[in-house]
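Spelled out, the chains give:
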Amino acid sequence: VQLQASGGGLVQAGGSLRLSCAASGRTFSSYNMGWFRQAPGKEREFVAAIRWNGGTNYAESVKGRFTISRDNAKNTVYLQMNSLKPEDTAVYYCAATRRWEVSTSALYDHWGQGTQVTVSS
């Protein structure tokens, strides 16, 4: 599966953005989908994931502010980001895996190219 992330941009603190990740192929609905982010000088970190059955996981730092969803008819996964903070600034990546563990980046087989999110204070 090939992934294309979009929707990043510059937003003020407290604002919102919605990221999209469009997938190619007919097997999208069978994949667990994740969002990760990487800030300059930091390691890539888990943000959120949604399993093939709709179950979701979130990093503690984004719980209550971010919502992950998927539309299997459109082969797309979304990340709605509200109440953004400067510390959310990073390149955001979407990824796909068939493994049950969804918070470990090394277990993902397919990655999108990343989209920059910048939150100004």
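Each remark here, short or long, concerns the structure printed above.
Residues numbered from 1 in each chain as written. Predicted model: local features only at pLDDT ≥ 70, side-chain atom pairs only at ≥ 80, totals over all residues. Heavy atoms only, no water.

Visitor: Quick question: what am I supposed to make of the sheet that holds strand S1 (residues 3-6) here?
Guide: Hydrogen bonding along the main chain pairs the strands of a sheet, whether they run parallel or antiparallel. With antiparallel pairing, the four strands of this open sheet are ordered in space as S1-S3-S8-S7. Only two strands of the sheet have a single neighbouring strand rather than two, namely S1 and strand S7 (66-71). Neighbour-to-neighbour, the strand axes of the sheet open up by a mean angle of 15°, direction not taken into account. Across four bridges, the pairing between S1 and strand S3 (residues 17-23) is antiparallel. If you follow leucine 3 over to S3, its bridge partner there is alanine 23. (Pairing = 2+ DSSP bridges. Helix = DSSP H or I, 4+ residues; strand = E, 2+ residues; numbered from the N terminus. Axes fitted to C-alpha atoms, helices over the stretch in contact; angles between N-to-C directions.)

Visitor: Could you clarify how one ought to interpret the state of the cysteines in this entry?
Guide: Covalent bonding between the sulfur atoms of two cysteines defines a disulfide. For the structure shown, the criterion picks out one disulfide. One disulfide bridge connects cysteine 21 with cysteine 94, the sulfur atoms lying 2.1 Å from each other. The sign of the 65° torsion about the S-S bond sets the cysteine 21-cysteine 94 disulfide as right-handed. Of this pair, cysteine 21 sits in strand S3 while cysteine 94 sits in strand S9 (residues 90-97), and the two are 73 residues apart along the sequence. (Disulfide = S-S within 2.5 Å.)

Visitor: Looking at this structure, I do not really get the environment of asparagine 32. What am I missing?
Guide: Along the chain, asparagine 32 turns up in strand S4 (residues 32-38). Sequence-wise, asparagine 32 and threonine 97 are 65 residues apart; in three dimensions their C-alpha atoms are separated by 5.3 Å. Discounting residues that sit within four places of it in the chain, asparagine 32 has contacts with Ile50, Arg51, Trp52, Arg70, Ala95, Ala96, Thr97, Arg98, Arg99, Trp100, Val102 and Tyr108. Separated by 2.8 Å, the side chain of asparagine 32 and the backbone oxygen of arginine 99 make a polar contact. (Contact = heavy atoms within 4.5 Å. Polar contact = N/O pair within 3.5 Å; in protein donor to acceptor, adjacent residues only side chain to side chain.)

Visitor: So what exactly am I meant to see when it comes to the packing of aromatic side chains here?
Guide: Two numbers describe a pair of aromatic rings. These are the distance of the centres and the angle of the planes. A complete count under the given rule lists five aromatic pairs for this structure. Taking 5.7 Å as the distance between ring centres and 70° as the angle between the ring planes, the aromatic pair formed by phenylalanine 36 and phenylalanine 46 counts as edge-to-face. You can see phenylalanine 36 sitting in strand S4 and its partner phenylalanine 46 sitting in strand S5 (residues 45-50), a full 10 residues away along the chain. Residue classification places phenylalanine 36 among the buried positions, given a relative accessible area of 1%. Judged by relative accessible area, phenylalanine 46 falls into the buried class, the value being 13%. Between phenylalanine 36 and tryptophan 111, the ring centres sit 5.2 Å apart and the planes meet at 55°, which makes this aromatic pair tilted. Taken together, the residues phenylalanine 36 in strand S4 and tryptophan 111 in strand S10 (residues 110-111) connect sequence positions 75 residues apart. For tryptophan 111, a relative accessible area of 28% gives the class partly exposed. Taken together, the ring pairs in this structure connect Phe36, Phe46, Tyr93, Tyr108 and Trp111 into an aromatic cluster. (Phe/Tyr/Trp six-rings, centres within 6.5 Å; stacked < 30°, edge-to-face > 60°. Buried < 20%, exposed > 50% of the residue type's maximum accessible area, 1.4 Å probe, protein only.)

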